[in-house]
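Here is how the chains run, residue by residue.
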Amino acid sequence: MRPLRDTDLWHFARLRPGMLFGLCVIILNVCLAAFGPAIAPFPTQAPVGASLVSPNGTHWFGTDVSGMDIFSRVMAAPRIDLTIALVSTVIAFACGVALGVISGYFAQGDRAGRIASTLIMRIADIVQAFPMFVFALALVGLSGPSTKNVIIALAFLNIPFFLRVTRGTVLQVRSRTFVEAAICAGNTSLRTAFVHVMPNALAPAMVHFSTTVGFSILLTAGLSFVGAGVPPPTPELGLMIQVGAQNMITGQWWTALFPGLCLAVTVLAFSLFGDNLRVFLDPTNRR
Amino acid sequence: MPALLEVKDLTVEFQGDRGARKVLDGVHLQVRDGETLGIVGESGSGKSVLLTTIMGLLQPPWRVTTGQVRLQGRELLTLSERELGTIRGQELGLALANPRQRLNPILPIGRQLTNVLRAHRPQRLDEAVARAAELLSSVGIPDPMTRLQAYPHELSGGMCQRAILALAIAHAPRLLMVDEPTSGLDVTISAQILDLLRDAVRTLRSGLIVVSRDLAIVAHYCERVLVMRGGRVVEDAPVQWFFAAPRELYSRQLLRAAAASRDADLAEESAAVMNRASGVAPVLEVDRLVKRFPVKGGRLLTAVNDVSFTIGRGEAVALVGESGSGKTTVGRCILRLIEASEGTIRFKGHDISLLPTAQFRKLRSRIQMVFQDPFDSMDSRQRIGDAIMEPIRLTKTMSAGERRARVDALLDLVGLEHGSVSLYPHQMSAGQLQRVGVARAIATDPDLIVFDEPTSALDVSVRAEILNLLRDLQRRLGIAYLFISHDLTAVRRLCHRTAVLYLGRLVEVGETEALFSEPLHPYSRALLSSVLYPNPAQQRVPFALQGEIPSPINQPSGCTLHARCPLATEHCARIVPELDIKRPGRRLACLNVSDAGLSASDHVPEHEGSGR
């Protein structure tokens, strides 16, 4: 990526607290995803003490109803949450951008191209109109709760967003004369679309990527909360909040609060990072 | 007498990431009452910043470091924003380039005018509306009461520029400043706008500053000229002296670049080219080409109507006309970037208009194109070397080493350094990029290159360099050119033959020099008489058409020019004139210019219908 090399991302981030915060939390998340379960003070999927111990020196975030250490589970959670969010977003990005390039590039082409383009958009409409939670529940109902199903459901949900954002940019880029120059140079339509148009239309989708990862974490948790996500007792933020929510009412506030806070901070970090990335990638916003 | 405007030792800095840079450096200038000053300079010379500073509109990161700007003895730089507000619009009028962008797109122009009128002088709305209508009619907008309700997008570029002028002169300012008053406008409209501007300033008896990169405008409309370069004033002289004997080297370079000196050998060469071409099949034969576009409401817009012409081997043919005449559409049809609706296009005798796209792609190496905007026509993520190599790689079989050698040879040919291959487009200047565009077009040894306004986005001196390059390449490589342009001085310099297009129809085709020195068709006469040359002594014989080019959706009946043509008779509204040979080497579509004997008479003939 040329814009990243032109100016130092770090220099840019240093002047923006939001960007810096986002970057730090994301790096922390990635580290926890890699080493979290290994460095956690207690096993993450087994009872290690009494049920519902309030936060103390041993169990910093307390324990849940089955006696598992919440701090250790929170440390282990990014491995599952971040993986699901990342994998599903990468799939959505790849499919969404490819379809977006095709539907945008051929929107003003010959008859067959126009039909393909319209077809893609209508299918995207249908997918977006379908309630995500119903879709995930149906999938779980068919083949049982599993990480794979969550990834499929999330990817499916996110494809139309990447598609639309890419299509919009492609339509703009398509009208620039270098596209005609590429055709004159002897490129086929597909080669022009993917070699020349796509790299010039990626920036919005890239910005969207970071925000989508954040919201995918939120949705993963949401799916677990309604029982359509990963199966218990996996250390996953949504599951922990769901289990903890029942104890919140009886006064054990720590059970849901700490996982909830972690979730909020993570989603916010990805959002802030995404917003600042847009400014960073857009040369007209900088001097 | 104190000067109307006096700028002394003005220095403006740009505060960037890498420290401050001077964009204006010790600028001195004076404008007296009723005087017209022309400021010329190439892009980056600081002329627009100068105007902005005088208006007090300078924003960070630009900053005035030293200097004075006095209007009628009053220092402007130290005034508060509030005091400036009363001066702007009342004493100082500003009309900037790109008229369409300067108007608020969501307000009718009437509202924009009344807002300006009422901002400075409180008045009732109906008074303001009446005054606005008056202003519009004073800038030559017909039917002003209806036009007051028009939104900017409903007006043509020329009309928008008139509206901008109306805004600028709304309060009869003491000093009017216009930035590139004709950029983006056609020659015929430019002439009208400039005449209008001159008349407006004369009636108001105010001072005028015209900023332009076009020396011809300065030569004809200004009394004094100020040459700027890199934020400094290079020369400040009365127009007559300046054009007769410029003192500074840079001024001489500018003048030489702008002069439309035609190579003497072009005429001889053109005869030779035609002789050579007579035996073999021409490179390109366009026969009765028609292109229609569907528009909203199920109607058809006929952009190109029944156009036929040929281009011989190694011949340069120009296609000229105002915007909306369909000249670019012709070029795009030939390259199959869009499909023609009717007609045939033969390339070296073979019909290419019906070839399947896959087969035509193999022919791409034979027909190439150079585009108008050098930045826009380059993929900004592709290195220069790859851009030049791409057509070779896709259409020829060459080893990687051969390809690299070919790219180096091409760079030599267009006058770029070999090191440029690793650069990205944004690291090059517009002129260099246009050279890359040319290199890319000649990379595959084509037989025909279509140039779509290759110089209109370039500065004067760069334009001259590119034209020289094109001329040189044509002589050395013998490639046929189709040169689409509204830059008539460039056409005269480069092309053997010229075809004039009006509303999608060819109206006159002939040998360039003969056509330029004696245009026969009324439209060609109007077009050529509005061309300004950078020479104040040039005598313009005005041959004006009425109004503006009509919309191609509602084409007039008969001869499409009849409603604007001073020679029109009642036949013209009914009969569509054919493009006939009216004298050797000249084809013409007009009922009223009948044969060789009648040469461009200035009187209106009573009845000259040839009765076909």
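Because the structure is predicted, anything quoted here is derived from the model rather than measured. (Residues numbered from 1 in each chain as written. Chains lettered and ligands numbered in written order. Predicted model: local features only at pLDDT ≥ 70, side-chain atom pairs only at ≥ 80, totals over all residues.)

Student: Would you explain the overall build of chain A in this entry?
Tutor: A tally of regular secondary structure across chain A gives 12 helices and 0 strands. For chain A, the succession of helices and strands along the chain, N to C, is α-α-α-α-α-α-α-α-α-α-α-α. When its C-alpha atoms are laid out on the principal axes, chain A stretches across 75 × 50 × 30 Å. Relative to its 287 residues, chain A shows a buried fraction of 49%. If you take every contact in chain A between residues at least 6 apart in sequence, the share linking residues at least 24 apart comes to 69%. (Helix = DSSP H or I, 4+ residues; strand = E, 2+ residues; numbered from the N terminus. Buried ≥ 20, exposed ≤ 12 C-beta atoms within 10 Å, placed from the backbone. Contact = placed C-beta atoms within 7 Å.)

Student: Hey, could you run me through the overall build of chain B in this one?
Tutor: Along chain B, the regular secondary structure elements total 21 helices and 22 strands. Taken against the 2.2 N^0.38 rule, which gives 25 Å for 612 residues, the C-alpha radius of gyration of chain B at 26 Å falls within 12% of a compact globule. Taking the principal axes of the C-alpha coordinates as reference, chain B spans close to 75 × 65 × 50 Å. Looking at chain B as a whole, 46% of its 612 residues qualify as buried. The contacts of chain B with a sequence gap of at least 6 include a subset with a gap of at least 24, amounting to 67%. (Rg over C-alpha atoms; globule rule 2.2 N^0.38 Å.)

Student: When you look at the sheet that holds strand β10 (residues 232–238) of chain B in this model, what are you seeing that I'm missing?
Tutor: Through backbone hydrogen bonds, the strands of a sheet pair up, either in parallel or in antiparallel fashion. Residue and element names in this part refer to chain B. Reading across the sheet, the 6 strands line up as β6-β7-β8-β3-β9-β10 and stay open at both edges, with mixed pairing between neighbours. The open sheet terminates on both sides in strands that have one partner only, identified here as β6 (92–95) and β10. Between one strand axis and the next, the sheet turns by 15° as a mean value, whatever way the strands run. Relative to strand β8 (residues 207–212), strand β3 (residues 36–40) runs parallel, the two being bridged by 5 bridges. (Pairing = 2+ DSSP bridges. Axes fitted to C-alpha atoms, helices over the stretch in contact; angles between N-to-C directions.)

Student: Whenever I open this one, the sheet that holds strand β2 (residues 19–31) of chain B confuses me. Can you help?
Tutor: Residues and elements named next belong to chain B. The 4 strands lie next to each other as β2-β1-β4-β5, forming an open sheet whose pairing is antiparallel. Of all strands in the sheet, those with a lone pairing partner are β2 and β5 (74–75), marking the two edges. Judged from the 2 bridges that link them, strand β4 (residues 62–71) and β5 form a sheet pairing that is antiparallel. Counterpart to L71 in the pairing with β5 is R74.

Student: Looking at this structure, how should I read the interface of chain B and chain A?
Tutor: In many analyses, interface size is given as the accessible surface area lost on bringing the parts together. Taken residue by residue, the interface counts 24 residues in chain B and 17 residues in chain A. Counting only elements with at least two residues in the side of chain B that touches chain A, the list comes to β16 (367–370) and α15 (384–395) of chain B. At 4 residues, α15 of chain B tops the list of elements feeding residues into the side of chain B that touches chain A. Taken together, the residues that form the side of chain B that touches chain A break down as 9 nonpolar, 6 polar and 9 charged. (Nonpolar A, V, L, I, M, F, W, Y, C, P; charged D, E, K, R; others polar.)

Student: Where do I start with the environment of V226 of chain A in this structure?
Tutor: Note that V226 of chain A resides in the loop between α10 (203–225) and α11 (237–248). Classification of V226 of chain A as partly exposed rests on a count of 13 C-beta atoms within 10 Å.

Student: Help me understand the nonpolar core, please; the structure alone is not making it clear to me.
Tutor: As a rule of thumb, soluble globular proteins bury nonpolar side chains together. In terms of nonpolar packing, the biggest core is built from 248 residues, with A166, V317, L448, L482 and F483 of chain B touching the most fellow members. Considering every element that reaches this core, the biggest residue donor is helix α4 (residues 70–105) of chain A, with 17 residues. Among residues more than four places away in sequence, those in contact with L482 of chain B are I311, V317, L319, G331, L448, V450 and F451 of chain B. (Core = buried A, V, L, I, M, F, W, Y, C linked by C-beta atoms within 7 Å.)

Student: Would you take a moment to explain helix α4 (residues 109–120) of chain B for this structure?
Tutor: What sets the pattern is the α-helix's 3.6 residues per turn: residues three or four places apart point alike. Residues and elements named next belong to chain B. Compared with an ideal rise of 1.5 Å per residue, which puts 12 residues at 16 Å, α4 spans 17 Å between its outermost C-alpha atoms and is within 8% of the ideal. Of the residues making up α4, those classed as buried are I109, G110, Q112, L113, T114 and L117. Along its buried surface, α4 packs onto α5 (125–138), α6 (144–147) and α7 (157–168). (Expected span 1.5 Å × (residues − 1).)

Student: Can you walk me through the packing of α4 of chain B against α5 of chain B in this structure?
Tutor: Residues and elements named next belong to chain B. One way to put it is that α4 packs onto α5 with a least axis distance of 9 Å and a crossing angle of 115°. When the axes of α4 and α5 are compared, the pair comes out roughly perpendicular. For the pair α4 and α5, the sense of crossing is right-handed. Here α4 contributes G110, L113, T114, L117 and R118 to the contact with α5, which in turn contributes L125, A128, V129, R131, A132 and L135. When grouped by side-chain class, the residues that make up the contact of α4 with α5 number 7 nonpolar, 2 polar and 2 charged. (Parallel < 35°, antiparallel > 145°, perpendicular 65-115°, else oblique. Left-handed = near helix turned anticlockwise from the far one by under 90°.)

Student: When you look at the pairing of β16 of chain B in this model, what are you seeing that I'm missing?
Tutor: Walk down a regular strand and you will see the side chains alternate between the two sheet faces. All names here are of chain B. With burial as the criterion, each face of β16 is covered, one bearing I367 and M369 and the other bearing Q368 and V370. In the sheet, β16 pairs with strand β17 (residues 448–452) via 4 bridges, with the strands oriented parallel. The residue of β17 that forms the bridge with M369 is V450.

Student: Would you take a moment to explain the environment of A237 of chain B for this structure?
Tutor: Residue and element names in this part refer to chain B. Relative to the helices and strands, A237 resides in strand β10. We classify A237 as partly exposed; it has 18 C-beta atoms within 10 Å. Between the C-alpha atoms of A237 and E223, which are 14 residues apart in sequence, the distance is 8.9 Å. Once you skip the residues sitting within four places of it in the chain, A237 turns out to touch R224, V225 and F242.

Student: How do you make sense of the confidence of the model for chain B when you look at a structure like this?
Tutor: Predicted coordinates in areas of low pLDDT are best not read in detail. Residues and elements named next belong to chain B. Per-residue confidence for chain B gives a mean pLDDT of 84, with 93% of residues at or over 70. Mean pLDDT per element in chain B: helix α12 (residues 265–279) is the minimum at 60, and β17 is the maximum at 94. Segment residues 596–612: pLDDT under 50, and 22 contacts once partners within four positions in sequence are set aside and those in other chains are kept. Scored by ipTM, the complex comes to 0.76, with pTM at 0.80. (pLDDT = per-residue confidence, 0-100.)

Student: I would appreciate a short explanation of the confidence of the model for chain A in the present structure.
Tutor: For chain A, mean pLDDT is 85; residues scoring 70 or higher make up 95% of the total. Under a pLDDT of 50 for its full length, residues 1–6 of chain A has, in the predicted model, 4 contacts with residues more than four places off or in other chains.

Student: Is there a simple way to think about the pairing of β3 of chain B in this case?
Tutor: Residue and element names in this part refer to chain B. In terms of residue burial, β3 counts as a mostly covered element, since 5 of its 5 residues are buried. Burial of β3 is two-sided: the residues T36, G38 and V40 facing one way and the residues L37 and I39 facing the other way are all buried. In terms of strand pairing, β3 meets strand β9 (residues 224–229) through 4 bridges, oriented parallel. When the bridges of β9 are listed, V40 appears paired with V227.

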